Every structure is written in structure tokens, then in C-alpha cells.
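# Commentary on secondary and tertiary structure
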Amino acid sequence: MKKKLQQLLKQSLASLVADGVLDILVDDIRIDHSKDKTQGDFATNIAMVLAKRAGYTPRMLAEKIVATLPSVNEIERIEIAGSGFINFFIASDSSLAVIDKIITKGSRYGCSNFGNGQKVLLEFVSANPTGPLHVGHGRGAAYGATVANLLRALGFKVDCEYYVNDAGRQMDILTTSVYLRYVKIKGDKFPNSGYKGDYIFAIAKKISGVAKLDIFTNVCKDEKDGGDKEKHIDDLIGNCKTLLGDDYKTIFDLAVNSILSGIKSDLSSFGVEYQKWFFEQSLVDRGLVKSMLEKLQMAGNIYQKNGALWFKTTNFGDNSDRVVVRDNKTSTYFASDIAYHSDKFRRGYDKIINIWGADHHGYAPRVKAAIKALGFDENKLEILLVQFAHLFRSGVKVPMSTRDGSFVTLQELCREVGIDAARFFYVLRKSEQHMDFDLDLAKSKSNENPVFYIQYAHARIFSVLEKAQIHKPYTADLTLLKNQYECDLVKQLNRYQDVLQNAACNYEPHTLAYYLRDLAGDFHSYYNNSEFLVKDKILRQARLSLIIAIKQILSNGLNLLGVGAPDKM
RNA sequence: GUCCUUGUGGCUCAGCUGGAUAGAGCGGCCGCCUCCUAAGCGGCAGGUCGCAGGUUCAAAUCCUGCCAAGGACGCCA
């Protein structure tokens, strides 16, 4: 309908251009769903936008536009209002048609081929495998999964990917932490920088047949003893590696695998599925980091300084050059990441989306710089930042640190508030909004979570249909739907398609969540003010058709958000 | 110091590609189940849209400056 109106307006403007009223044809004609029913169904501000250029007052220009507008059946009437808005009132049978469309298409309603099969790579969460996923990670997981669902609904071909950082120093710290828990040094002889969580003990318990050695000989003092905690842990790692030999790798693999399998199952039960788990180590194994460095070197983008190799990212928009190989000859995380991104580009995607925590925003320029330097199109890369979720308990902020072992896991959260509520809660805030997650509130008053409000509407409709013994769709005389509640609902249903498209294209799942709540709200009002199971069979059928359509949209929308639509509550 | 994000009723947030009287939930107060699920509905109270300028027919929305909160500025990942 929106498109149709744009088309008509375009024709009208074209004829005004021909008459010399306007000097130029504009392409971008904005059509909005009217907020207020007295303002019709759709409105455009085009007359106000063009008034000055045409030399008329907005209202006068609006008159001219309306006068030259071709008349079509779908438009019942047109009004000029306010300072020059043109309001369109859509013929009711045209609006009502949406009900049949929804019922016919069912769970496919809302899907389109807008994306035209374009291939999208969506990377999200990618938390280091040094501990279980916690509440902070949940937001990225819920957001990413929902964006994927939305894009797929619009006809994009989306691959979700998790980048596993299994090659850095943190993994060595993890391995050494596990070994120390296995050895069980008496007292509190555990490094400040080690991973202190209880899950480390659980992994350590799985080790058998490895010698229990003292790795504290000849190490730098820890911080609490007046030393350097970073040097301390590095020395411990060194001892651990040399003393354990092959057993080190065994413990390393055990640690990574147990943590990773936990992450995988947590995400899976959170309703988040990945097409690919990409290991940083695989880049090294395949020699991609090395070949990438060679490529940059040949292009003259690498120089040596203080014993390290630097990538001249400042040539490509970064504000400082970056080290890719340290003076101890090990390559940096950034080096792997360049190789990773060039691998992503080589895989032939039309769009590459990275969802990162907001703390990584400063990292974006150097990645984009690398992409440019390697000759890829940096416009294909979209970096979406998700702000942190701060967890509060009894009004006090709960620190979230994997290293210190102080965190609430995603699994615990789901157990306490339920998966539906958690998924919905995360996605209800726009991603760049700093989010406060009050655990006590979420737990003690979980019934007040808006997700139940929406699910309740769905369950209520199911219950009505069950009472009416309606199990399959049928046709009805929809023109009987004309009270105010029904008009509002029909209008709301007509918005769904646009809501989906906007939510997907702008990567804003929260707009869908708000839409669903509005729709549910309109339904609840209707429910409390109109009877569905009336004696008049024709009217009953019409009303039931309407609520069947509502139920379908609630279900479709909730599904996209990764939330269930229960029949009974 | 530089850069990013945020600042909207008591609280948590929508609205921000400029538009028609600034919305919702929670909390507070008052009503509604002999009737399809009261996890619901209706009503009331409550807002200088951080502050100050500017652009425009029109600014919560765009621009500038300032204030406040969070974050980023590593040979960490």
C-alpha cells in the first residue's frame, strides 16, 4: 500500500513538473503510518518539504498535489490537515484484505524476498573459551540470533559464526590455572592473574595420570608478594610447559574442549544456533597468518621498529600503527584477526557483519584499515556494537569477571527467569542502550515481564478458538469488522510487514518487540470490550478470523525473537 | 587529553533517516470477573525531553558548546 501511494504521488508530482509548478522531481517520498485515526491510515509531508521550492504555502501545494492525484479504489478519501499533511484514508475492504493474507500464508506471513538471497556472514558472541558464558554475553547472543532470524525472514541467506580464540596467552593462563587446581597446592598459592572460578576445579577433576609437580620454582614474585603478577603468571606458564611436556597439550585440550562444549550447549539451549565454529588456531595451522603478513609486506605496509613488526594502519585511516609480530616473534591477536577477516572476505559474502561488545569500538578502525590494505571492499563490513548489560542484585552492581570467577552464568539466568523472558528482556532494549538487568526484579516479578503479556494474548486467543471449536481457517464477511477496536487491530496488522523490514534493515530487533506488545495490548482491549462467541454466526466468523490473524502475527513475531508462543498459560 | 555511547515522568525505557496534543511498562491512587484465561481491562496523578545557543514553516529528533554517567585509547584478547 505504501508503495502504491508513493507511486501515485510520484505521478502527481510528475504532472506538476510538467505544468511548471515544480522544477524538479523528487524520488524520496516519505509515507508514514498515521498515529491517530483521525489522521487516516497513511500520511505524507511531501507538500511541506516542497512548498518553499515551489513558491506556494504547504497547504496550497498540497491542494495541487491532491487535485492531480489519480483516483483509485483503494483510497476512500484524502484530507489535507495541519500545516500541510496529506492524509490518506484507505478503503476498509482494502485494509481488511490483510486478514485473509495472514491466514493463508500462516507462519510464512511477513517473509519476503527483499534480501534476494544475498549472502550474509554474521559473527557474534565469540567469547574467549576461558569460562562459561555469563549474563554479559547473553545480550550479544540474543541480539545476534534475532538479527539472523530477521534477515532470514527477509530473504537473506545468513550464516552465523562463532570465532574461537583458542590460540592466545589467555589459553595458557587457563591451562596453567587448571593444572594448579589439579595439583592442589596447599594454602592460597594461586596466581593473582589465574582463573579463579569453581569451574576450573571441575575441569581439573577430569585429569588423571599426570605428574603433580611444583611449578613455583624460579618464578617472579606475585603481586601480593610485591612482584609483577603478569611476569609471575608468564613464568608459571613457562615452567608448566617445560615440566609437563606432552601432558601440557593434553590439559590444554581438555580445558578448551570442556569449556567450549559448555558454551555450545548453553547457546543451544538459549535457542542460538551456529553454522560454523571458526578456530583461531586453524588460521595459524593453515599458514594464513603468515601469508597475510607476506602480502602486507610486499605491498610495503609493514615496517620494523624496536624489534617488532608494525603494520602501517595509519595509511588506511587508523590513528596509530599496530604491532602484528612482537619482538619475541609471536604474532598478535590483531594479526590473526586480519587473517580471519580476509578469510571471511574470500568466502564470498555480500555482507559481513560483526557484532562486538561496545568495549571493542576502538578496535574497528584498524580492522577496516587492514581490509582496505588487503584490497577488499570495506563497505561490505558492518560492525555493530552492543553495550554491556550491567547486572544488579539488591540494587548493587554485580561485578562480572571471568578471571575472578565472579559472574552469574547465562545458564543460571535462564533457569531463574526462563528462556523466553531472558531472550525477550535482552532484545527489548536497543543495542546501543546501556542496559541494567535487575536480577531480583526479573526473578521475583517475572510475571510482570512484558513477554508474558504478549504470550498471554496468544494463549487467550487459542482458548477462545478451542471453545469455538475452530481448528482450521475459513472465509468470513470481514466488512462486519468495524468497531473501533477492530479498526485499530486491522491497522496494526497492516503495519507488520513494514515493522519487520525496518527491524531487519536497521538491525533493530527491539522495534519488533515493541510492536508485538502494542498488538497484544490492542487485542487485550478488544477482548475486554467485545464478545467473540456471539450468537450471530456471520459476525462470529468475522471476529474469529480477525483474532486468528492476530494469533498468527503474535506467533510469527515471537518466533523471530526466539520466544515461544504457548497455547496455554 | 582524544574518541564512542547514553542523558525523556519516582524507577526502567520507546520515540531520534526533523512533523500534527511527547508514549509504554513498573510503582502510586480509583474502578471492573453470575460473562470467551483478571498474567487482563478502564480511569486518575506524574515530564523545563541534561543545560545553553543555532539551523527551519516545524526540533526530544539536526549542528555547536558545556555538564553528567559508562566505555575505549597495549608488543592483552
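Residues numbered from 1 in each chain as written. Chains lettered and ligands numbered in written order. Predicted model: local features only at pLDDT ≥ 70, side-chain atom pairs only at ≥ 80, totals over all residues. Heavy atoms only, no water.

## Focus on the protein's contact with RNA strand B
Cut-off, in case you're wondering: One heavy atom within 4 Å of a molecule or strand is enough for the residue carrying it to be called near that molecule or strand. The term polar contact refers here to a pair of N or O atoms within 3.5 Å; inside protein, the definition further demands a hydrogen-donor-capable atom paired with an acceptor-capable atom, and it admits residues adjacent in sequence only when both atoms are side-chain atoms. In this text, helices come from DSSP runs of H or I with a minimum length of four residues, and strands from runs of E with a minimum of two, each type numbered from the N-terminal end.
In the region of RNA strand B, 62 residues are neighbours, and Phe-85, Arg-326, Tyr-456, Arg-460 and Ser-463 sit closest. Sugar plus phosphate, as a fraction of atoms of RNA strand B within 4 Å of the protein: 62%. Arg-326 places a polar side-chain atom, nitrogen or oxygen, 2.3 Å from a phosphate oxygen of RNA strand B. Contacts to RNA strand B include Leu-533, whose backbone N or O atom sits 3.4 Å from a base oxygen. Of all elements in the fold, only helix 2 (46–54), strand 4 (85–90), strand 9 (308–311), strand 15 (435–438), helix 17 (450–468) and helix 19 (509–529) reach the threshold of two or more residues within the surface near RNA strand B.

## Some remarks on the nonpolar core
Formally: What is meant by a nonpolar core is a set of buried Ala, Val, Leu, Ile, Met, Phe, Trp, Tyr and Cys residues, joined one to another through side-chain atoms within 4.5 Å. Residue exposure (1.4 Å probe, protein chains only): buried if accessible area is under 20% of the type maximum, exposed if over 50%, otherwise partly exposed. Where a domain begins and ends is set by an automatic assignment or by a domain database. Here, two residues are considered to be in contact whenever any of their heavy atoms come within 4.5 Å of each other.
One finds Ile-99, Tyr-162, Leu-267, Leu-493, Leu-512, Ile-547 and Ile-550 to be the most contacted residues of the largest nonpolar core, which totals 129 residues. With 11 residues, helix 20 (residues 537–560) is the single largest residue contributor to this core. Shared between two domains, this core takes at least three residues from each, and those domains are domain 2 (95–115 + 449–560) and domain 3 (169–259). Apart from residues no more than four positions distant in its own chain, Ile-99 is found in contact with Leu-478, Leu-481, Val-490, Leu-493, Ser-545, Leu-546 and Ala-549.

## Details of the packing of aromatic side chains
Under the convention used in this document: Each aromatic pair joins two rings of Phe, Tyr and Trp (for Trp, the six-membered one) with centres within 6.5 Å, and gets the label stacked for planes under 30 degrees apart, edge-to-face for over 60, and tilted for any other angle. The rule is short: NZ of Lys or CZ of Arg within 6 Å of the ring centre and within 35 degrees of the ring normal puts a charge over the ring.
Applying the stated criterion to the full structure yields 23 aromatic pairs. Ring geometry for Tyr-163 and Tyr-340: centres 4.0 Å apart, planes at 5 degrees, overall stacked. Of this pair, Tyr-163 sits in strand 6 (residues 157–164) while Tyr-340 sits in helix 12 (residues 333–346), and the two are 177 residues apart along the sequence. Of the two residues examined, Tyr-163 and Tyr-340, each falls in the buried class. A connected cluster of aromatic rings, assembled from ring pairs, spans Phe-311, Phe-316, Tyr-333, Phe-334, Trp-356 and Tyr-363. Over the ring of Phe-190 we find Arg-181, and its NZ or CZ is 3.6 Å from the ring centre.

## Digging into the sheet that holds strand 1 (residues 31–33)
In plain terms, the rule: Two strands qualify as a pair provided that DSSP identifies no fewer than 2 bridges between them. Between N-to-C directions, angles span 0 to 180 degrees; the directions come from axes that are lines fitted to C-alpha atoms, helices contributing only their stretch in contact.
What the four strands build is an open sheet, ordered 1-2-4-3; its pairing is antiparallel. One side of each edge strand has no neighbouring strand; the edge strands of this open sheet are strand 1 and strand 3 (75–81). The mean inter-strand angle of the sheet, taken between neighbouring strand axes irrespective of direction, is 25 degrees. Examined bridge by bridge, strand 1 and strand 2 (residues 42–44) share three bridges and lie antiparallel to one another. Residue pairing across strands places His-33 opposite Phe-42, the latter belonging to strand 2. The sheet strands contacting helix 3 (residues 58–68) are strand 3 and strand 4, and the helix crosses strand 3 at an angle near 165 degrees.

## A closer look at empty space enclosed by the protein
Applied cut-off: A 1.4 Å probe that fits into a set of points on a 1 Å grid over the protein atoms alone but cannot get out defines a cavity; an open set with protein on both sides within 12 Å along at least five of seven lines defines a pocket, and lining residues are those with an atom within 4 Å of a point. Grid points are joined across faces, edges and corners, and a volume is the space filled by probe spheres set on the points. Just so you know the grouping, Ala, Val, Leu, Ile, Met, Phe, Trp, Tyr, Cys and Pro go in nonpolar, Asp, Glu, Lys and Arg go in charged, and all remaining residues, Gly too, go in polar.
On inspection of all chains with the given rule, the structure shows one cavity of 30 Å³ or more. Empty space within the largest cavity amounts to approximately 40 Å³. Considering the residues around the largest cavity, the lining is formed by Arg-139, Tyr-143, Val-386, Tyr-426, Val-427, Arg-429, Lys-430, Ser-431, Pro-509 and His-510. For the lining of the largest cavity, the elements supplying multiple residues, two or more each, are helix 5 (135–153), helix 15 (419–428) and helix 19. Grouping the amino acids of the lining of the largest cavity by side-chain chemistry returns five nonpolar, two polar and three charged.

## Some details on the sheet that holds strand 9
Pairing within the open sheet is antiparallel, and its three strands lie in the order 8-9-10. Each edge of the open sheet is held by one strand with a lone partner, namely strand 8 (302–305) and strand 10 (322–325). This sheet shows a mean twist of 45 degrees between the axes of neighbouring strands, independent of strand direction. Bridge count between strand 8 and strand 9: four bridges; the pairing is antiparallel. Along strand 9, the bridge assignment pairs Tyr-303 with Trp-310. Contacts from helix 11 (residues 288–298) reach strand 8, strand 9 and strand 10 within the one sheet, and its direction differs from that of strand 8 by about 95 degrees.

## Topic: the packing of helix 4 (residues 92–105) against helix 20
Rule in force here: Roughly parallel refers to an angle under 35 degrees, roughly antiparallel to one over 145, roughly perpendicular to one between 65 and 115, and oblique to any angle outside these ranges. Crossing chirality is assigned from the near helix's rotation relative to the far helix, an anticlockwise turn below a right angle marking it left-handed and a clockwise turn marking it right-handed.
Running from amino to carboxyl end, helix 4 crosses helix 20 at an angle of 55 degrees, the nearest separation of the two axes being 9 Å. If you check the angle between helix 4 and helix 20, you find them oblique. The element helix 4 and its partner helix 20 pack so that their crossing is left-handed. Counting all contacts with helix 4, which are made through Ile-99, Ile-102 and Ile-103, the residues of helix 20 involved are Ser-545, Leu-546, Ile-548, Ala-549, Gln-552 and Ile-553. For the contact of helix 4 with helix 20, the per-class residue count stands at seven nonpolar, two polar and no charged.

## What about the domain arrangement of chain A?
What the domain assignment reports for chain A is domain 1 (2–90), domain 2 (95–115 + 449–560) and domain 3 (169–259). Taking only C-alpha atoms into account, the centre of domain 1 sits 71 Å from that of domain 3.

## Some points on helix 20
Working note: α-helix, 3.6 residues per turn, so residues spaced by three or four point in the same direction. To keep things clear, this is the line we draw: In this scheme, a helix's expected span is set at 1.5 Å multiplied by one less than its residue total.
For helix 20, which comprises 24 residues, the first-to-last C-alpha distance of 35 Å matches the rise-based estimate of 34 Å (1.5 Å per residue) to within 8%. For helix 20, the side-chain oxygen to backbone nitrogen distance between the N-cap and Ile-538 is 3.1 Å, and the N-cap itself is Asp-536. After helix 20 finishes, the residue Gly-562 shows a positive phi value of roughly 80 degrees.

## Examining unusual backbone geometry
Phi is positive for Ser-126, close to 45 degrees, though the residue is something other than glycine. Mapping Ser-126 onto the fold places it in the loop between strand 5 (119–123) and helix 5.

## Comments concerning the pattern of salt bridges
Note the cut-off: For salt bridges, the criterion is a side-chain nitrogen of Lys or Arg within 4 Å of an Asp or Glu carboxyl oxygen.
All chains considered together, the criterion is met by 23 salt bridges. Notably, a salt bridge pairs Arg-30 with Asp-32, separated by 3.2 Å at the nearest N-O pair. Measuring nitrogen to oxygen at the nearest pair gives 3.9 Å for the salt bridge that ties Asp-488 to Lys-37. Taken together, the positions of Asp-488 in helix 18 (residues 484–505) and Lys-37 in the loop between strand 1 and strand 2 put the pair 451 residues apart, joining distant regions of the chain.

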